[in-house]
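# Structural description and commentary
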Amino acid sequence: MTDTITIAAFAGSLRKGSYNRMLLNAAVKLAPSGVRVVPFDIDDVPLFNADLDSDENLLPPVKRLRDAIRAADALLIVSPEYNWSIPAVTKNVLDWASREDGVLENKPTAIMGASTGGFGTVRMQVALRT
């Protein structure tokens, strides 16, 4: 009996026809045996606002993303590159996730992205790693 590795994943683009959503779908489809890539949607995650980050009244989209990441063995970020850096929606998810202890700590994370540009998403990936 083998344990399944669960990877929570999101696409850092809100565009329905996004190359990065397509790349995420490919990762789900092509995951090897014993690995399950579980995407979570970020379309309704509000912009980070510390006034809204309350244990007593946690916003459902924020709870959903934190729960998805916390429950997974690893995290996969599939993101485009905007203006040579991290898109706001990608950063926003990480801002919400990082505000609660135990969500991102010691969570193995992989980054990938797709772009029609000659450099792909290399600059976003470098910026995100820092």
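The present account deals with the structure reproduced in this document. From a predicted model like this one, the values you see are computed outputs, not experimental measurements.

## Describing the sheet that holds strand E2 (residues 35-39)
Whenever strands of a sheet pair, they do so through backbone hydrogen bonds, lying parallel or antiparallel. In spatial order, the strands read E2-E1-E3-E4; together these four strands make up an open sheet with parallel pairing. Edge positions in the sheet fall to E2 and strand E4 (109-112), since each of these pairs with one other strand and no more. Averaged over all neighbouring strand pairs, the angle between strand axes comes to 25°, with direction disregarded. Bridge count between strand E3 (residues 74-78) and E4: four bridges; the pairing is parallel. Counterpart to Val78 in the pairing with E4 is Met112. Across the sheet, helix H4 (residues 122-129) is in contact with E3 and E4; its angle to E4 comes to roughly 155°.

## Quick word on unusual backbone geometry
For Asn83, which is not glycine, the phi dihedral falls at a positive 50°. Residue position: Asn83 is located in the loop between E3 and helix H3 (88-98). A positive phi angle, near 55°, is found at Asn106, a position not held by glycine. For Asn106, the position within the fold is in the loop between H3 and E4. Looking at Asn106, the relative accessible area reads 80%, which means it is exposed.

Cut-off values and rules
Residues numbered from 1 in each chain as written. Predicted model: local features only at pLDDT ≥ 70, side-chain atom pairs only at ≥ 80, totals over all residues. Heavy atoms only, no water. Pairing = 2+ DSSP bridges. Helix = DSSP H or I, 4+ residues; strand = E, 2+ residues; numbered from the N terminus. Axes fitted to C-alpha atoms, helices over the stretch in contact; angles between N-to-C directions. Contact = heavy atoms within 4.5 Å. Buried < 20%, exposed > 50% of the residue type's maximum accessible area, 1.4 Å probe, protein only.

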